[in-house]
Amino acid sequence: MPGISVHVVDTTRGMPAAGMRIEIFVLAPARRRIAEGVLAPSGALDHAIARERLAAGTYEVVFHAGDFFKSAGVAQADPPFLDEVPFRFQIADPGQHYHLPMKMTPWGFSVYRGS
């Protein structure tokens, strides 16, 4: 099944990052938002983009971490160390699914292509 899926875990509190806002953009020929939403209680984005066949090219997911941690009551600097966190990646094979799991704290993150 083609598409992009996103899942985020708040490792500060050891739970899914439910309520975090994310946006997904295609970058060429011009930057254009193709999906947005807030993460479900599972920490996953429930959006049709997870099942859509996308063209080969460069994409970007923006994780709105600063707002998420602020609304969750997690202590952070003012301004926050991480605010909007962009992650750029390439889709080489439109027939494949690109799953992007992320682990995040207010001070760092890890995102990769999962299975």
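Sequence order as written defines the numbering, with residues in each chain counted from 1. Given that the model is predicted, a residue must reach a pLDDT of at least 70 before its local features are reported, and side-chain atom pairs must reach 80 or more before they are shown or counted; all residues, however, enter totals for whole chains, interfaces and linings. With hydrogens and water excluded, all non-hydrogen atoms of the structure serve as input to the side-chain values.

Participant: How would you sum up the pattern of salt bridges? Please name residues and give values.
Facilitator: A pair is scored as a salt bridge if a Lys or Arg side-chain nitrogen falls within 4 Å of a carboxyl oxygen belonging to Asp or Glu. Following the criterion strictly, the structure yields 7 salt bridges and no others. The closest approach of N and O atoms between E23 and R21, which form a salt bridge, is 3.2 Å. Of the residues examined, R21 reaches a relative accessible area of 33% and is grouped as partly exposed. Measuring nitrogen to oxygen at the nearest pair gives 2.6 Å for the salt bridge that ties E60 to R31. In this pair, E60 is assigned in strand β5 (residues 57–64) and R31 in the loop between β3 (21–26) and β4 (32–38), connecting sequence segments 29 residues apart. Three or more residues are tied together by salt bridges with common partners; here these are R21, E23, R33 and E36. Only protein chains enter the accessibility calculation, which uses a 1.4 Å probe; a residue whose area is less than 20% of its type maximum is buried, one above 50% is exposed, and one in between is partly exposed. Strands here mean DSSP runs of E at least two residues long; helices mean DSSP runs of H or I at least four residues long; both are numbered from the N terminus.

Participant: Break down the sheet that holds strand β8 (residues 108–111) for me, citing the residues and quoting the values.
Facilitator: In space, the 4 strands of this open sheet follow the order β2-β1-β7-β8, with mixed pairing throughout. Each of the sheet's edge strands pairs with one partner strand only, and the pair in question is β2 (15–16) and β8. At least two DSSP bridges between two strands are required for those strands to pair. Here 2 bridges tie strand β1 (residues 3–10) to β2, and the two strands are oriented antiparallel to one another. Directly across from V9, in β2, lies its bridge partner P16.

So far we have only geometry, and geometry alone does not tell us how the molecule works.
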